[in-house]
Amino acid sequence: MKTLKTQVVIVGSGSAGLSAGFELYQKKIPFIMLERGDKVGGAGKFGAHGVFAVHSKQQLDKGVTYDYADAFKGLTSYNHYFVNGELLARFLKDSGENIDRMAAMGLATTVEQSEQKAHLNDPLVYHKFNNFKSKMATWDAWPQKFEDAGNPVLTETWAVGLDYDPQAGLKGVLAKQASGEDLRIETKKVIFADGGYCGSPEMMAAKYADNDALLNLGERKADGTGIKLCAKYGANVAHNPVLFAHGCAPSLRINPMRRQSSVETLTNLPLLWVDQTGNRFVNEDIVYDFAMWANAAHNVQGQYSVILDQATLDHFRDHLVPMEDTFERQFLEPGQTPTGTVGPIPAIQADFEDAIAHGEVVKADTAEGLADKLGLPIAAFERTLKVYNQAVADGQDDTFLKPAAELKFGVNQGPFYAIKEHCAILGTLDGVAVDRNCQPVTKAGQPLKDLYIVGNNVNGLYSDGYPSYEGIANGFAFVSGWIAAAEAGKAVQEAE
Ligand SMILES: Cc1cc2nc3c(=O)[nH]c(=O)nc-3n(C[C@H](O)[C@H](O)[C@H](O)COP(=O)(O)OP(=O)(O)OC[C@H]3O[C@@H](n4cnc5c(N)ncnc54)[C@H](O)[C@@H]3O)c2cc1C
């Protein structure tokens, strides 16, 4: 077995891992970074668009009055007091300075209105990466800088175990390499920044009844390593599961990150949605709030159908429709203005035929035939169509209260289409209970010596799902990586 030696091991090179590495690099504390993939990154690099903060310089310059007190009280009550108050406080208090820190890392952001129509009037808290592509390039440049300063970044290398005793402390981190080699890294501290457990089929199935229906857009290399190892040595991992449900999509092939098919476009609008009982289940206007939209789908076994008829399809083919695609704003650079319209889409019929061939769309000549193909109770489905068509005709939805402007398309005459839509997830957000220094704690409240755990691995910010406070997950990942590295580094220096 190959043996290496350092002061701190960082497991994972996503948002939390990179942030931890930056802190140790600046403080000149030797570390080794392990990354399972062949490149650094994680969801922080390939996915996230921004971070939440209060009291950033940009916010102060713009006269934003929303402050720490608003955020602390807001998140505490939003989560019905299922929060780790000290951790939440430390995160929020450091969140503004984190924006400067990220800029110093080459990850500059601009505070701007939310990317979601539902949050346009929210306080200015969302800091969006100035340039998504250059964010990726910046990330990829860090390993060389770390290495030049004597800190190896080992890709295709993953942590599998610890040489650890809760009383005596940490002696080493055990890892495996894609080459087949086993590795032992003698070290004083370890920071688990490996991104949660959405890549562990066993953990996901154990926690989520609708796991099979979920569309996992998260970091699949995150298999719960850090959570499992902390649990093995006594960390408290007992709490509600918190799924990072965010948006919905027909399939991995037609997903919002690719923007390739108009089938997806139509799922991003408030058309008619039915669940597996054949009923509507939500005001479809919720499409404009990513987290709540996905929660509504998670609540109906992770899937539902978008129902439309040929006349609607033809209308989108030929007309500009004054409805906003909910993902439109996400793909704009800071300062760009959304159109708020969709269409005309000349290729729409071809897109639908392609999706029918791939099973994402079901087509039938009659409503009964569609219900049959989808396995929906026909009586309930026919009643839903009748009530919905009446609401469209009246311009008034007495049941789910969808605004009149969104009651544009009845479902009247075949052929009928159903887009099979799935709750998308960006990861998981529960894991290990920690103290304010991001050290795992036991059920008795004792911190586990020499161990730190951060980012999506941590429990304590959410009661049961992702809140409508965009950028919290990534903001917390950066800040928690910083906190853990600062605390671990301080302990290493004091010991010396
Ligand atoms: C498509 C998408 C869009 C998103 N958009 C936003 C957004 O706009 N705002 C927001 O706040 N959040 C967003 N998120 C969530 C955000 O990206 C995450 O909350 C954040 O990246 C978590 O950081 P992390 O360091 O914990 O995990 P990650 O950034 O995922 O990094 C984890 C790293 O650990 C590595 N790893 C896993 N296991 C091991 C192991 N055993 N050994 C070594 N390495 C290992 C993984 O390969 C990965 O590189 C988005 C997520 C996705 C998927």
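Treat the numbers as computed from the prediction; the structure is a model and nothing was measured.

Conventions used here
- Throughout this description, residue numbers start from 1 for each chain and increase along the sequence as written.
- Under the rules for a predicted model, residues below a pLDDT of 70 receive no local features and side-chain atom pairs below 80 are neither given nor counted, while totals for whole chains, interfaces and linings still include all residues.
- When DSSP locates at least two bridges between a pair of strands, those strands are taken to pair.
- Helical segments are the DSSP runs of H or I of at least four residues, strand segments are the runs of E of at least two, and each set is numbered from the N terminus.
- Marked domain ranges trace back to an automatic or database domain assignment.
- C-beta atoms are first placed from the backbone for all residues, and any pair lying within 7 Å is then listed as a contact.
- Three classes are used: nonpolar for Ala, Val, Leu, Ile, Met, Phe, Trp, Tyr, Cys and Pro, charged for Asp, Glu, Lys and Arg, and polar for all others, with Gly counted as polar.
- Helix span is expected to be 1.5 Å times the residue number reduced by one.
- Here the bend at a residue means the angle between the axes of two seven-residue stretches, the one that ends at it and the one that starts at it.
- Remark: C-beta atoms are placed from the backbone, and a residue is labelled buried if 20 or more other C-beta atoms sit within 10 Å of its own, exposed if 12 or fewer do, or partly exposed between those counts.
- Being near a molecule or strand means, for a residue, that its C-beta atom, positioned from the backbone, comes within 6 Å of it.
- To get an axis, fit a line to the C-alpha atoms, keeping to the stretch in contact for a helix; angles then go from 0 to 180 degrees between the N-to-C directions.
- Two helices crossing with the near one rotated counterclockwise from the far one by less than a right angle form a left-handed crossing, whereas a clockwise rotation gives a right-handed crossing.
- We define the nonpolar core as any set of buried residues of the types Ala, Val, Leu, Ile, Met, Phe, Trp, Tyr and Cys, connected via C-beta atoms lying within 7 Å of each other.

Digging into the sheet that holds strand 19 (residues 451–453)
Part 1: With parallel pairing, the five strands of this open sheet are ordered in space as 7-3-2-11-19. Single-partner strands in this sheet number two, and they are strand 7 (153–154) and strand 19.
Part 2: The pairing of strand 2 (residues 8–11) with strand 11 (residues 189–192) spans four bridges and is classified as parallel. Considered in strand 11, the bridge of Val11 is made with Phe192.

A word on the domain arrangement of the protein chain
Part 1: Each domain of the protein chain was delimited in the assignment, giving domain 1 (2–241 + 429–495) and domain 2 (244–424).
Part 2: For domain 1 and domain 2, the distance between their C-alpha centres works out to 35 Å.
Part 3: Taken together, the contacts link 22 residues of domain 1 with 27 residues of domain 2.
Part 4: Of the residues assigned to the side of domain 1 that touches domain 2, the class counts are nine nonpolar, eight polar and five charged.

Focus: helix 5 (residues 85–104)
Part 1: Its 20 residues place the ends of helix 5 29 Å apart at the C-alpha level, agreeing with the 28 Å of an ideal helix rising 1.5 Å per residue.
Part 2: The largest bend along helix 5 measures about 45° and falls at Ser95.
Part 3: Along helix 5, the residues classified as buried are Leu87, Leu88, Phe91, Leu92, Asp94, Ser95, Gly96, Asn98, Ile99 and Met102.
Part 4: Tucked into the core, helix 5 has its buried residues touching strand 4 (50–52), helix 3 (57–61), helix 4 (68–78), strand 5 (109–112), strand 6 (126–129) and helix 15 (472–495).
Part 5: Once helix 5 finishes, Gly106 follows within two positions and takes phi at roughly 90°, a positive value.

Quick look at unusual backbone geometry
Part 1: The amide bond that connects Gly343 to the next residue, Pro344, takes the cis arrangement and shows omega of -10°.
Part 2: By the secondary structure assignment, Pro344 is in the loop between helix 11 (310–318) and helix 12 (348–358).
Part 3: Following Gly414, the chain continues to Pro415 via a peptide bond in cis, the omega torsion being 0°.
Part 4: With respect to the helices and strands, Pro415 occurs in the loop between helix 14 (378–394) and strand 17 (416–428).
Part 5: Despite not being glycine, His55 has its phi angle at roughly 65°, a positive value.
Part 6: Along the polypeptide, His55 turns up in the loop between strand 4 and helix 3.
Part 7: The class of His55 is partly exposed, set by 18 C-beta atoms lying within 10 Å.

Digging into the environment of Val11
Part 1: In this fold, Val11 is placed in strand 2.
Part 2: C-beta crowding within 10 Å serves as the criterion here: with 30 such atoms nearby, Val11 is assigned to the buried category.
Part 3: Val11 sits 182 residues away from Ala193 along the chain, and the two C-alpha atoms are 5.4 Å apart.
Part 4: Residues in contact with Val11, not counting those within four places in the same chain, are Leu34, Ala159, Val190, Ile191, Phe192, Ala193, Asp194, Thr225 and Gly226.

Observations concerning the site of the ligand
Part 1: Taken together, 43 residues lie around the ligand, and Gly12, Gly14, Gly42, Gly47 and Gly455 are the ones closest in.
Part 2: Secondary structure elements with two or more residues in the shell around the ligand: helix 1 (15–27), helix 2 (43–46), strand 4, strand 8 (157–165), strand 17 and helix 15.
Part 3: Take the shell around the ligand: its biggest share by element is five residues, from helix 15.
Part 4: Per-class residue counts for the shell around the ligand are 16 nonpolar, 21 polar and six charged.

Considering the packing of helix 4 against helix 5
Part 1: Packing of helix 4 against helix 5 brings their axes to within 10 Å, and their N-to-C directions diverge by 145°. In the packing of helix 4 onto helix 5, the handedness of the crossing is right-handed. Of the residues in helix 5, those in contact with Tyr68, Ala71, Phe72 and Leu75 of helix 4 are Leu88, Ala89, Leu92 and Lys93.
Part 2: In the contact of helix 4 with helix 5, the residues fall into seven nonpolar, no polar and one charged.

Describing the nonpolar core
Part 1: Core analysis: the biggest nonpolar cluster contains 149 residues, and Ile191, Ile425 and Val454 have the highest contact counts within it.
Part 2: Ranked by residue count, the leading element in this core is helix 15, at 12 residues.
Part 3: Split by domain, the residues of this core number at least three in each of domain 1 (2–241 + 429–495) and domain 2 (244–424).

Here's the deal with the environment of Gly41
Part 1: The topology assignment puts Gly41 in the loop between strand 3 (31–34) and helix 2.
Part 2: Looking at Gly41, the number of C-beta atoms within 10 Å reads 23, which means it is buried.
Part 3: Residues Gly41 and Asn457, spaced 416 residues apart in sequence, show a C-alpha to C-alpha distance of 16 Å.
Part 4: If we ignore the near neighbours within four places in the chain, the residues touching Gly41 are Ser13, Gly14, Phe46 and Trp139.

Some words on helix 8 (residues 225–232)
Part 1: Within helix 8, the full set of buried residues consists of Thr225, Gly226, Ile227, Leu229 and Cys230.
Part 2: Among the structural elements, strand 2, strand 8, strand 11, strand 18 (432–433) and strand 19 are those in contact with the buried residues of helix 8.
Part 3: Phi turns positive, to about 105°, at Gly234, one or two residues after helix 8.

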